[in-house]
Amino acid sequence: MATFLRCPMFSPFKAPIIKAPPNLYPLTETNSRKQTKPRTRITSTLKSFLDLKPESKPEFSTFDLPFHDKSERVKYDVIIIGAGPAGLRLAERVSGYGIRVCCIDSSPLSMWPNNYGVWVDEFQSLGLEDCLDKTWPMTTIFLGDQRTKYLDRPYGRVNRKDLKTKLLEKSVLNGVKFFESKVWNIEHQEFESMVICEDGVELKGSLVVDASGFRSPFVQFNESRNYGYQIAHGILSEVDEHPFDLDKMVLMDWRDDHLGNEPVLRGNNNKHPTFLYAMPFSSNLIFLEETSLVSRPALSYTEVKNRMVARLRHLGIKVKRVIEDEKCLIPMGGPLPIIPQSILCHGATSGLVHPSTGYMVAQTLARSTLLADVIAECLGSTRMIRGSQMHQRVWNGLWPMDKRCSREYYRFGMETLLKLDLKGTRKFFHAFFDLDPYYWQGFLSSRLNIMELGMLSLSLFSYASNSTRIDIVTKCPLPLARMIRKLVNSAI
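A look at the nonpolar core
Ranked by size, the top nonpolar core spans 121 residues in total, and within it Val78, Phe123, Leu251, Ile375, Phe429 and Phe432 carry the most contacts. Here this core takes nine residues from helix α6 (residues 361-379), the largest share from any one element. In terms of nonpolar packing, the next biggest core, distinct from the first, is built from 16 residues, Phe49, Phe142, Leu312 and Ile317 among them.

This is the structure in structure tokens:
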């Protein structure tokens, strides 16, 4: 469900996504140096897309930004670190209340590199449907054994340039200042914080919001970040032809016929399955992405790419040009940050990535509006609520108790998926998408409250096959117990 997103910030909007070389990933059964199995080798003599270099170059906006004047000793109400979708949307929303905002980013005019996919209704509710450059009226899920599901819910790809330009324009119109630098340190006092940048420039603000992504060193946790990982390799490519309907986006293709002549790959895929996510733009232009929904530790990039080569070969897809490529690693699940603390965080590091799917962009953009309202109640009022009282309010605005409880359920969903092999995964999604659309759509979009999630569980259990019920009961008692304990502690 990872690609359900895509977060992006964002896919499923796959969310802000960490780009990193392969050697940063944990060793797995498929890439451990102690491995004694024969090395996986693609037996086809055909040239694969791995031999082609991406043609795209980094893009930069030509927008004329108003920058912070180093010579001025100005104190901001809110300082936001990061100019990704989370940071820019929050800057735009907060500044709309007349609150003084400065956004710090090492390259604020760089275009976001990732492909974000979203459900069209989510962007319509945000008034951002004009930022979608392609939509499909339906989505397809291939489950194998000639079983296919068609979802009557339109899906779209976000135009990254249009979305960023729109957020920049509104932010500038509202008076947001920008500062091009990296943050070196943050010092907190009772009623204000000082952000120290790598060039020695110091900026003061009543509230600092970290929207810089997963790797932030400034946000504190009191639990081990036991993430699951969604990993994917994607290409926007020109092909001779492809077999997919142009009016249907392929959300997940779990078929494994392409691995019939690759015993090592097939064995690994049976234990840690991957699926294809595809956006067909025309008969010869398509975005293709091989994705591991969630694993712990992360599957290796080499394994993912080898499976993709085999799949495209089997489907008869010959890649002529790679226009863009995308290497994605999305940490999923894990604990929430300490609530409250002196710094507020937003986006990936705040826990907004959907623990079961990898979706993030739409939820982050929507939550920005709610968060801005709470910030305005503190800093936009005549009372000027600051310090610990403000920190408590803004954190509760980001993560009210009902949202924390729902997230625990989504974490349980992730732990369940981690336990399933290919056969179990197929059966699970067969039952999941047989649910009333209110439930599966609400689950994927993080709209369900804890009572509705309970009803979803009962319905899913009733729709599931006997083997799937056995999988859930026998493989997931510990995650279920942890979720119940968390919910009880939250209630207390």
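A short note on the pairing of strand β10 (residues 193-197)
The element β10 is largely enclosed, with a buried count of five among its five residues. Burial along β10 is two-sided: the residues Ser193, Val195 and Cys197 and Met194 and Ile196 are all buried. As paired strands, strand β9 (residues 183-188) and β10 are joined by five bridges and run antiparallel to one another. Considered in β10, the bridge of Ile186 is made with Val195. Adjacent in sequence and paired antiparallel, β9 and β10 are bridged by four residues. Here β10 runs beside strand β11 (residues 202-210); their pairing, made up of four bridges, is antiparallel. Bridge pairing in β11 places Ile196 opposite Glu202. Here β10 folds back onto β11, and the loop between the two strands holds four residues, one of which, Gly200, carries a positive phi near 90 degrees.

Description of the sheet that holds strand β4 (residues 132-136)
With antiparallel pairing, the three strands of this open sheet are ordered in space as β3-β7-β4. With one partner strand each, in any of the chains shown, β3 (117-119) and β4 form the two edges of the open sheet. Averaged over all neighbouring strand pairs, the angle between strand axes comes to 30 degrees, with direction disregarded. Bridging between β4 and strand β7 (residues 155-158) involves four bridges; their strand directions are antiparallel. Each bridged residue has a counterpart across the sheet, and for Trp136 the counterpart in β7 is Tyr155.

A few points about the confidence of the model for the protein
With 87% of its residues at a pLDDT of 70 or more, the protein shows a mean pLDDT of 88. Confidence drops under pLDDT 50 across residues 1-46; counting only partners more than four residues distant or on other chains, this segment forms 195 contacts.

Side note on the packing of aromatic side chains
One pass over the full model with this rule turns up 22 aromatic pairs. Ring geometry for Phe429 and Phe432: centres 6.4 Å apart, planes at 85 degrees, overall edge-to-face. Residue Phe429 and its partner Phe432 are located together in helix α9 (residues 422-432), separated by three residues, close to a single helical turn. Judged by relative accessible area, Phe429 falls into the buried class, the value being 0%. Judged by relative accessible area, which is 2%, Phe432 ranks as buried. In this structure, Arg255 is placed above the aromatic ring of Phe142, and the distance from its NZ or CZ to the ring centre is 3.9 Å. The ring centre of Trp399 lies 4.8 Å from the NZ or CZ of Arg367, which sits over that ring.

Notes on the sheet that holds strand β13 (residues 248-253)
Taken in spatial order, the seven strands of this open sheet run β6-β5-β13-β14-β15-β12-β16, and their pairing is mixed. A single partner strand is all that each edge strand has here, and the edge strands are β6 (147-151) and β16 (319-333). Pairwise comparison of adjacent strand axes, ignoring direction, gives a mean angle of 20 degrees for this sheet.

Here's the deal with helix α7 (residues 387-398)
In a regular helix each residue adds 1.5 Å, so twelve residues correspond to 16 Å; α7 covers 17 Å between its end C-alpha atoms and thus fits that length. Where α7 is concerned, the buried positions are Gly387, Met390, His391, Val394, Trp395, Gly397 and Leu398. All buried residues of α7 project into a common sector of 155 degrees when viewed along the axis, lining one side.

A closer look at the pairing of strand β12 (residues 227-239)
Side-chain positions along a regular strand alternate between the two faces of the sheet. With 13 of 13 residues buried, β12 lies mostly within the body of the structure. Burial along β12 is two-sided: Tyr227, Tyr229, Ile231, His233, Ile235, Ser237 and Val239 facing one way and Gly228, Gln230, Ala232, Gly234, Leu236 and Glu238 facing the other are all buried. As paired elements, β12 and β16 share 13 bridges and run antiparallel to each other. Its bridge partner lying in β16, Ile235 is registered against Asp325. When β12 meets strand β15 (residues 285-295), the two strands line up antiparallel, connected through nine bridges. Residue Gly234 lies in a different strand from β15, and its bridge partner there is Glu289.

Considerations on the side chain of Arg157
Inspection of the secondary structure assignment puts Arg157 in strand β7. Given a relative accessible area of 13%, Arg157 falls into the buried group. Engagement of the side chain of Arg157 in a polar contact is seen with the side chain of Asp133, the distance being 3.0 Å. Apart from the residues lying within four places of it in its own chain, the contact partners of Arg157 are Asn115, Tyr116, Cys131, Leu132, Asp133, Lys134, Trp136, Leu236, Met279 and Phe281.

Calculation notes
- Residues numbered from 1 in each chain as written.
- Predicted model: local features only at pLDDT ≥ 70, side-chain atom pairs only at ≥ 80, totals over all residues.
- Heavy atoms only, no water.
- Core = buried A, V, L, I, M, F, W, Y, C linked by side-chain atoms within 4.5 Å.
- Buried < 20%, exposed > 50% of the residue type's maximum accessible area, 1.4 Å probe, protein only.
- Helix = DSSP H or I, 4+ residues; strand = E, 2+ residues; numbered from the N terminus.
- Pairing = 2+ DSSP bridges.
- Axes fitted to C-alpha atoms, helices over the stretch in contact; angles between N-to-C directions.
- pLDDT = per-residue confidence, 0-100.
- Contact = heavy atoms within 4.5 Å.
- Phe/Tyr/Trp six-rings, centres within 6.5 Å; stacked < 30°, edge-to-face > 60°.
- Lys NZ or Arg CZ within 6 Å of the ring centre and 35° of its normal.
- Expected span 1.5 Å × (residues − 1).
- Arc of directions from axis to C-beta.
- Polar contact = N/O pair within 3.5 Å; in protein donor to acceptor, adjacent residues only side chain to side chain.

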